[in-house]
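Here are the chains, one letter per residue:
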Amino acid sequence: MDRAQKEQLVDELGQIFESSGVVVVAHYAGLTVVEMQDLRARASEAGGAVRVAKNRLAKIALEGKPCESIADYLTGMTVLTYSEDPVAAAKVAEDFAKENKNFEILGGAMGENALDRAGVTAVSKMPSRDELIASIVGCIGAPASNIAGALGAPASNIAGILSTIEDKAAA
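Residues numbered from 1 in each chain as written. Predicted model: local features only at pLDDT ≥ 70, side-chain atom pairs only at ≥ 80, totals over all residues. Heavy atoms only, no water.

S.K.: Can you help me understand the overall build of the chain in this one?
M.R.: Secondary structure summary: the chain contains six helices and five strands in total. Helices (α) and strands (β) of the chain occur, in sequence order from the N terminus, as α-β-α-β-α-β-α-β-β-α-α. Buried positions account for 36% of the 171 residues belonging to the chain. Within the chain, residue pairs in contact and separated by at least 24 positions form 78% of the contacts whose partners lie at least 6 positions apart. Total accessible area on the chain is roughly 10,000 Å²; 57% of this is exposed by carbon and sulfur atoms. (Helix = DSSP H or I, 4+ residues; strand = E, 2+ residues; numbered from the N terminus. Buried < 20%, exposed > 50% of the residue type's maximum accessible area, 1.4 Å probe, protein only. Contact = heavy atoms within 4.5 Å. Areas by Shrake-Rupley, 256 points an atom, 1.4 Å probe, with all protein chains shown as cover.)

The structure is reproduced here in structure tokens:
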């Protein structure tokens, strides 16, 4: 890898560290290619991504970024799992770690907040952005349907009364 490629990689990593809602750092020594592909596919499904990079270049990219505190985790064979959604990457990494003993989560960052192993676990248990939006829409939609039902009920009652009166008048 020549100097220009390294500079480009540092820029790409810098963008990842700036724009990601969460970055999870893990050791992946012993994972097979198929297992890494599985991790990448899961991250992609959740709206995230997985990146393996040289620790030295990742540390350079971290300088001056909000999540600079994760530089201490960048030792050995590390992989970065990241997403814009502050929960998605943590959920993917946590689920993958449960199934693969060779995937060891070290920690991560959520914006400026450094996360240790327990912090990543806690973030992974939070509802995702999509789940939160769905619950908010459900809360907003419920009163509207109740109002529509309440407004519609008297009209159906009046219609029923009128039809009964018509039936009696016809008889």
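Having put the structure on the table, let's press on.
S.K.: When you look at the pattern of salt bridges in this model, what are you seeing that I'm missing?
M.R.: Side chains carrying opposite charge are able to pair once their charged atoms draw close together. A full pass over the atoms with the stated rule returns six salt bridges. For Glu94, the salt bridge is made with Arg117, and the minimal N-O distance between the two is 2.8 Å. On the criterion of sequence distance, the pair formed by Glu94 in helix H4 (residues 88-99) and Arg117 in helix H5 (residues 117-124) is long-range, its members being 23 residues apart. Judged by relative accessible area, which is 33%, Arg117 ranks as partly exposed. Shared partners join several salt bridges into a network, and the residues in it are Asp38, Arg42 and Glu99. (Salt bridge = Lys/Arg side-chain N within 4 Å of Asp/Glu carboxyl O.)

S.K.: It is not clear to me how the packing of helix H1 (residues 3-19) against helix H3 (residues 55-62) should be interpreted in this structure. Could you clarify?
M.R.: Any two packed helices are characterised by the angle at which their axes cross and by the distance between the axes. Packing of H1 against H3 leaves a shortest axis separation of 8 Å and a crossing angle of 55°. By the angle between their axes, H1 is oblique relative to H3. As H1 runs across H3, the sense of the crossing is right-handed. For the pair H1 and H3, contact is made by Lys6, Leu9, Val10, Leu13, Gly14 and Phe17 and by Arg56, Leu57, Ala58, Ile60, Ala61 and Leu62, respectively. Taken together, the residues that form the contact of H1 with H3 break down as nine nonpolar, one polar and two charged. (Axes fitted to C-alpha atoms, helices over the stretch in contact; angles between N-to-C directions. Parallel < 35°, antiparallel > 145°, perpendicular 65-115°, else oblique. Left-handed = near helix turned anticlockwise from the far one by under 90°. Nonpolar A, V, L, I, M, F, W, Y, C, P; charged D, E, K, R; others polar.)

S.K.: Is there a simple way to explain the nonpolar core in this structure?
M.R.: One broad rule of soluble globular proteins: the nonpolar side chains tend to lie buried together. Counting 21 residues, the largest nonpolar core has Val24, Met36, Leu39, Val79, Phe103 and Ile105 as the members making the most contacts within it. With six residues, the top contributor of residues to this core is H4. In this structure, Leu39 is in contact with Val50, Val92, Phe96 and Phe103, ignoring residues within four places of it in sequence. Within the second largest apolar cluster, 20 residues are counted, among which are Leu57, Cys67, Ile70 and Leu80. (Core = buried A, V, L, I, M, F, W, Y, C linked by side-chain atoms within 4.5 Å.)

S.K.: Honestly, helix H2 (residues 33-45) in this entry has me stumped. Any pointers?
M.R.: Since one α-helical turn is 3.6 residues long, residues separated by three or four positions face the same way. Its 13 residues place the ends of H2 18 Å apart at the C-alpha level, agreeing with the 18 Å of an ideal helix rising 1.5 Å per residue. Considered for burial, the residues of H2 that qualify are Met36, Leu39 and Ala43. The buried residues of H2 all sit within an arc of 55° when viewed along its axis, so they share a single face. Counted as exposed and oriented over 90 degrees from the buried face of H2: Val33, Val34, Ser44 and Glu45. Looking at the residues trailing H2, positive phi occurs at Gly47, about 90°. (Expected span 1.5 Å × (residues − 1). Arc of directions from axis to C-beta.)

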